[in-house]
Amino acid sequence: MSEATATKSRGTEPRRFVKVIEILDKYERNPSKLVPILQEVQEEYRYLPEEVMTFVATSLGLPPSRVYGVATFYSHFALAPKGKYLFRLCDGTACHVRGSTALLDTLRKRLGLSENKATTDDMLFTVETVSCLGACGLAPVVVLNDEVHGLMTSDKVLALVEGVMQQEQM
Ligand code: FES
């Protein structure tokens, strides 16, 4: 590594981990707080980058395999980056009966996504399915980031996409 590169990496790495260090300090680097630590790290990055998980493991004195094991065990942890706008479509029983599959098909078709490709190349949208969100009376339910949208139709879900696209063009 050249001196210039070394200097650059010394300069950027601490910045990259500043927020993680704050979170670790908040939990007093207590290994028994691994799950809440990972939750806050994920809120920061929107997923758990591998190098950050390694950093957390080292900081807590845990083997990296233990941190990866926890991250893969809980479905709400994401190991791959997600789009800025996350659509979560409920596929619980009530939503399924009331047409969630058609909503999913509509959304994936509009965004060029599939079962094997959940995030758009521009990292703007991710589409996921989730189990019952506890709002069955509003089925079918779609959550866009933290906003819950009930009684959804294909037209309404497309309108949400268009709204985001317009907002992003502003
Ligand atoms: S099944 Fe969708 S909110 Fe319960």
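Above this text is the structure in question.
Residues numbered from 1 in each chain as written. Predicted model: local features only at pLDDT ≥ 70, side-chain atom pairs only at ≥ 80, totals over all residues. Heavy atoms only, no water.

Re helix α6 (residues 100-111)
Convention followed: Runs of H or I in DSSP of at least four residues are treated as helices and runs of E of at least two as strands, each being numbered from the N terminus. Take the residue count of a helix, subtract one, and multiply by 1.5 Å to get its expected span. Only protein chains enter the accessibility calculation, which uses a 1.4 Å probe. A residue is then buried if its area is under 20% of the maximum for its type, exposed if over 50%, and partly exposed in between. The contact criterion used throughout is that any non-hydrogen atoms of two residues lie within 4.5 Å.
For α6, spanning twelve residues, the distance from its first C-alpha to its last is 17 Å, which sits close to the expected 16 Å at 1.5 Å a residue. Of the positions making up α6, those classed as buried are Ser-100, Leu-103, Leu-104, Thr-106, Leu-107, Arg-108 and Leu-111. Next to the buried residues of α6 lie β1 (85-90), α5 (93-97), β2 (125-130), β3 (142-144) and α7 (154-169). Residue Gly-112 follows α6 closely and has a positive phi angle near 70°.

Comments concerning unusual backbone geometry
In the segment running from Ala-139 into Pro-140, the intervening peptide bond is cis, with an omega of -5°. Along the polypeptide, Pro-140 turns up in the loop between β2 and β3. The phi angle at Glu-28 is positive, at roughly 50°, despite the residue not being glycine. Tracing the sequence through the fold places Glu-28 in the loop between α1 (3-26) and α2 (34-45). Its identity is not glycine, yet Leu-151 carries a phi of approximately 50°, on the positive side. Judged by relative accessible area, which is 43%, Leu-151 ranks as partly exposed.

As for the sheet that holds β3
Applicable threshold: A pair of strands counts as paired when DSSP detects no fewer than two bridges linking them. Note on geometry: axes are lines fitted to C-alpha atoms, helical ones only across the stretch in contact, with angles between N-to-C directions running from 0 to 180 degrees.
As summarised here, the arrangement of the four strands in space is β2-β1-β3-β4, forming an open sheet in which the pairing is mixed. Two strands close off the open sheet at either side, each with one partner strand: β2 and β4 (147-149). Within this sheet the neighbouring strands show an average axis-to-axis angle of 20°, counted without direction. With six bridges joining them, β1 and β2 adopt parallel strand pairing. Bridge pairing in β2 places Tyr-85 opposite Phe-125.

Examining α2
End to end, α2 covers 16 Å across twelve residues, agreeing with the expected 16 Å (1.5 Å per residue, within 8%). Leu-34, Ile-37, Leu-38, Glu-40, Val-41, Gln-42 and Tyr-45 are the residues of α2 that are buried. Positioned one or two residues after α2, Arg-46 has a phi angle of 70°, which is positive.

Some details on the packing of α6 against α7
As a reminder of what qualifies: Two helices that cross are described as forming a left-handed crossing if the nearer one is turned anticlockwise from the farther one by less than a right angle, and a right-handed crossing if clockwise. We call Asp, Glu, Lys and Arg charged. Ala, Val, Leu, Ile, Met, Phe, Trp, Tyr, Cys and Pro are nonpolar, and the rest, Gly among them, are polar.
Between α6 and α7, whose axes approach to 9 Å, the crossing angle comes to 35°. Where α6 crosses over α7, the handedness of that crossing is right-handed. Two secondary-structure elements touch here, α6 through Ala-102, Leu-103, Thr-106, Leu-107, Arg-110 and Leu-111 and α7 through Ser-154, Val-157, Leu-158, Val-161, Glu-162 and Met-165. Across the contact of α6 with α7, the residue classes break down as eight nonpolar, two polar and two charged.

Comments concerning a nonpolar patch on the surface
What counts is decided by this rule: The patch calculation keeps residues exceeding 30% relative accessible area without a salt bridge and links them within 9 Å when they carry like charges or within 5 Å when they are nonpolar (Val, Leu, Ile, Met, Phe, Trp, Tyr). Using the Shrake-Rupley algorithm and a 1.4 Å probe, accessible areas are obtained, with residue cover drawn only from the displayed protein chains. Salt bridge, as applied in this entry: a Lys or Arg side-chain nitrogen positioned within 4 Å of an Asp or Glu carboxyl oxygen.
Taken together, the side chains of Leu-138, Val-148 and Leu-151 present a nonpolar region at the surface, about 250 Å² in accessible area. By secondary structure assignment, the location of Leu-151 is in the loop between β4 and α7.

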